[in-house]
Amino acid sequence: KAWLRTLLLVKSAVALKVSQKRKPAPKKTEAERHAFLLQMQKKVKAASRIARLCEVLGDATASTNTAATLLQKMVKFRLELRHHRRCARVIWVSLNKWARNSRPGISFAMHVFYLRATQIQSFWRVARRRILLMRELLNARWVRMEREMIHG
(Lines give C-alpha, C1' and ligand atoms only; values in the text may rest on other atoms or scores of the structure.)
Protein backbone atom coordinates (compact mmCIF):
# COMPACT_ATOMS: atom_id res chain seq x y z
CA LYS A 1 0.00 0.00 0.00
CA ALA A 2 2.72 2.41 0.97
CA TRP A 3 4.76 1.70 -2.14
CA LEU A 4 1.74 2.25 -4.38
CA ARG A 5 0.87 5.54 -2.70
CA THR A 6 4.50 6.67 -2.89
CA LEU A 7 4.75 5.69 -6.54
CA LEU A 8 1.59 7.58 -7.42
CA LEU A 9 2.60 10.68 -5.52
CA VAL A 10 6.07 10.61 -7.10
CA LYS A 11 4.55 10.25 -10.57
CA SER A 12 2.20 13.16 -9.96
CA ALA A 13 5.06 15.27 -8.57
CA VAL A 14 7.24 14.43 -11.58
CA ALA A 15 4.37 15.34 -13.90
CA LEU A 16 3.97 18.64 -12.10
CA LYS A 17 7.72 19.34 -12.26
CA VAL A 18 7.77 18.49 -15.95
CA SER A 19 4.81 20.78 -16.55
CA GLN A 20 6.50 23.54 -14.54
CA LYS A 21 9.81 23.11 -16.42
CA ARG A 22 8.09 23.31 -19.76
CA LYS A 23 7.24 26.89 -20.36
CA PRO A 24 4.39 27.39 -22.77
CA ALA A 25 5.49 28.44 -26.20
CA PRO A 26 4.47 31.96 -27.11
CA LYS A 27 2.32 30.58 -29.95
CA LYS A 28 0.00 28.74 -27.55
CA THR A 29 -3.26 30.42 -26.81
CA GLU A 30 -4.70 30.99 -23.37
CA ALA A 31 -7.27 28.25 -24.00
CA GLU A 32 -4.56 25.70 -24.82
CA ARG A 33 -2.65 26.56 -21.66
CA HIS A 34 -5.83 26.29 -19.64
CA ALA A 35 -6.59 22.85 -21.16
CA PHE A 36 -3.06 21.66 -20.33
CA LEU A 37 -3.41 22.79 -16.70
CA LEU A 38 -6.77 21.06 -16.41
CA GLN A 39 -5.21 17.86 -17.73
CA MET A 40 -2.46 18.03 -15.11
CA GLN A 41 -5.03 18.72 -12.43
CA LYS A 42 -6.97 15.59 -13.42
CA LYS A 43 -3.81 13.48 -13.16
CA VAL A 44 -3.09 14.78 -9.66
CA LYS A 45 -6.71 14.18 -8.63
CA ALA A 46 -6.55 10.59 -9.88
CA ALA A 47 -3.34 9.94 -7.93
CA SER A 48 -4.79 11.40 -4.73
CA ARG A 49 -8.01 9.41 -5.23
CA ILE A 50 -6.02 6.18 -5.46
CA ALA A 51 -3.99 7.11 -2.38
CA ARG A 52 -7.20 7.77 -0.43
CA LEU A 53 -8.59 4.45 -1.64
CA CYS A 54 -5.51 2.65 -0.31
CA GLU A 55 -5.93 4.39 3.06
CA VAL A 56 -9.58 3.41 3.29
CA LEU A 57 -8.90 -0.22 2.45
CA GLY A 58 -6.18 -0.57 5.10
CA ASP A 59 -2.60 -1.81 5.20
CA ALA A 60 -3.07 -5.44 4.13
CA THR A 61 -1.67 -6.74 0.87
CA ALA A 62 -5.13 -7.88 -0.14
CA SER A 63 -6.38 -4.31 0.13
CA THR A 64 -3.57 -3.17 -2.17
CA ASN A 65 -4.65 -5.80 -4.66
CA THR A 66 -8.23 -4.61 -4.25
CA ALA A 67 -7.12 -1.05 -4.90
CA ALA A 68 -5.24 -2.17 -7.99
CA THR A 69 -8.32 -4.09 -9.18
CA LEU A 70 -10.54 -1.08 -8.63
CA LEU A 71 -8.04 1.09 -10.48
CA GLN A 72 -8.07 -1.36 -13.39
CA LYS A 73 -11.86 -1.28 -13.47
CA MET A 74 -11.90 2.53 -13.41
CA VAL A 75 -9.46 2.70 -16.30
CA LYS A 76 -11.36 0.02 -18.23
CA PHE A 77 -14.61 1.91 -17.70
CA ARG A 78 -13.06 5.13 -18.99
CA LEU A 79 -11.67 3.38 -22.05
CA GLU A 80 -15.03 1.75 -22.77
CA LEU A 81 -16.73 5.11 -22.35
CA ARG A 82 -14.32 6.67 -24.86
CA HIS A 83 -15.00 3.79 -27.27
CA HIS A 84 -18.77 4.22 -26.95
CA ARG A 85 -18.49 7.96 -27.46
CA ARG A 86 -16.32 7.42 -30.53
CA CYS A 87 -18.89 5.00 -31.97
CA ALA A 88 -21.72 7.42 -31.18
CA ARG A 89 -19.78 10.20 -32.91
CA VAL A 90 -19.42 8.03 -36.05
CA ILE A 91 -23.16 7.38 -36.06
CA TRP A 92 -23.89 11.08 -35.47
CA VAL A 93 -21.66 12.13 -38.37
CA SER A 94 -23.25 9.60 -40.72
CA LEU A 95 -26.76 10.66 -39.69
CA ASN A 96 -25.89 14.29 -40.32
CA LYS A 97 -24.53 13.38 -43.75
CA TRP A 98 -27.70 11.45 -44.50
CA ALA A 99 -29.81 14.40 -43.44
CA ARG A 100 -27.86 16.74 -45.72
CA ASN A 101 -27.28 14.52 -48.75
CA SER A 102 -30.37 12.31 -48.94
CA ARG A 103 -34.06 12.82 -49.32
CA PRO A 104 -35.56 14.94 -46.56
CA GLY A 105 -38.08 12.20 -45.73
CA ILE A 106 -35.50 9.78 -44.32
CA SER A 107 -34.33 11.93 -41.43
CA PHE A 108 -37.92 12.96 -40.65
CA ALA A 109 -39.07 9.33 -40.66
CA MET A 110 -36.22 8.40 -38.31
CA HIS A 111 -37.23 11.23 -35.99
CA VAL A 112 -40.87 10.10 -35.99
CA PHE A 113 -39.73 6.53 -35.27
CA TYR A 114 -37.65 7.81 -32.35
CA LEU A 115 -40.61 9.76 -30.95
CA ARG A 116 -42.93 6.75 -31.23
CA ALA A 117 -40.36 4.48 -29.57
CA THR A 118 -40.02 6.87 -26.62
CA GLN A 119 -43.83 7.09 -26.33
CA ILE A 120 -44.08 3.30 -26.19
CA GLN A 121 -41.30 3.13 -23.61
CA SER A 122 -42.92 5.74 -21.36
CA PHE A 123 -46.31 4.03 -21.70
CA TRP A 124 -44.78 0.68 -20.78
CA ARG A 125 -43.11 2.12 -17.68
CA VAL A 126 -46.43 3.46 -16.40
CA ALA A 127 -48.46 0.41 -17.45
CA ARG A 128 -45.95 -2.01 -15.93
CA ARG A 129 -46.26 -0.37 -12.51
CA ARG A 130 -50.04 -0.54 -12.77
CA ILE A 131 -49.97 -4.19 -13.84
CA LEU A 132 -47.66 -5.13 -10.96
CA LEU A 133 -49.91 -3.35 -8.47
CA MET A 134 -53.01 -5.12 -9.83
CA ARG A 135 -51.16 -8.44 -9.69
CA GLU A 136 -50.25 -7.92 -6.04
CA LEU A 137 -53.83 -6.99 -5.16
CA LEU A 138 -55.15 -10.03 -7.03
CA ASN A 139 -52.67 -12.33 -5.25
CA ALA A 140 -53.74 -10.97 -1.85
CA ARG A 141 -57.40 -11.39 -2.78
CA TRP A 142 -56.79 -14.96 -3.97
CA VAL A 143 -54.97 -15.90 -0.75
CA ARG A 144 -57.84 -14.47 1.28
CA MET A 145 -60.42 -16.45 -0.75
CA GLU A 146 -58.38 -19.67 -0.41
CA ARG A 147 -58.23 -19.25 3.35
CA GLU A 148 -62.00 -18.74 3.48
CA MET A 149 -62.51 -21.88 1.40
CA ILE A 150 -60.13 -23.97 3.51
CA HIS A 151 -61.19 -22.71 6.96
CA GLY A 152 -64.77 -22.21 5.74
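Residues numbered from 1 in each chain as written. Predicted model: local features only at pLDDT ≥ 70, side-chain atom pairs only at ≥ 80, totals over all residues. Heavy atoms only, no water.

A.B. asks: Got a sec to walk through the overall build of the protein? Specific residues and values, please.
C.D. replies: Within the protein, the secondary structure is distributed over four helices and zero strands. From first element to last, N terminus to C terminus, the protein shows the α and β order α-α-α-α. The proportion of buried residues among the 152 residues of the protein is 9%. Of the contacts formed within the protein by residues at least 6 apart in sequence, a portion of 56% connects residues at least 24 apart. Summed over its atoms, the accessible surface of the protein is roughly 13700 Å², and 63% of this surface lies on carbon and sulfur atoms. (Helix = DSSP H or I, 4+ residues; strand = E, 2+ residues; numbered from the N terminus. Buried < 20%, exposed > 50% of the residue type's maximum accessible area, 1.4 Å probe, protein only. Contact = heavy atoms within 4.5 Å. Areas by Shrake-Rupley, 256 points an atom, 1.4 Å probe, with all protein chains shown as cover.)

A.B. asks: Break down a nonpolar patch on the surface for me, citing the residues and quoting the values.
C.D. replies: A surface patch of nonpolar side chains, amounting to about 290 Å² of accessible area, comprises Trp98, Ile106 and Met110. Inspection of the secondary structure assignment puts Trp98 in helix H3 (residues 61-101). Its relative accessible area of 48% is what places Trp98 among the partly exposed residues. (Patch = residues over 30% accessible without salt bridge, like charges linked within 9 Å, V, L, I, M, F, W, Y side chains within 5 Å. Salt bridge = Lys/Arg side-chain N within 4 Å of Asp/Glu carboxyl O.)

A.B. asks: Please give an account of a positive patch on the surface that cites residues and values.
C.D. replies: A contiguous patch of positive charge on the surface is contributed by Lys42, Lys45, Arg78, Arg82, Arg85, Arg86 and Arg89. Going through the elements one at a time, helix H2 (30-57) and H3 are the ones with two or more residues in the positive patch. Of all the elements, H3 adds the most residues to the positive patch, at five residues. Tracing the backbone shows Arg85 in helix H3. Under the relative-accessibility criterion, Arg85 is labelled exposed at 54%. (Lys, Arg positive; Asp, Glu negative; His and termini not counted. Charge placed at Lys NZ, Arg CZ, Asp CG, Glu CD.)

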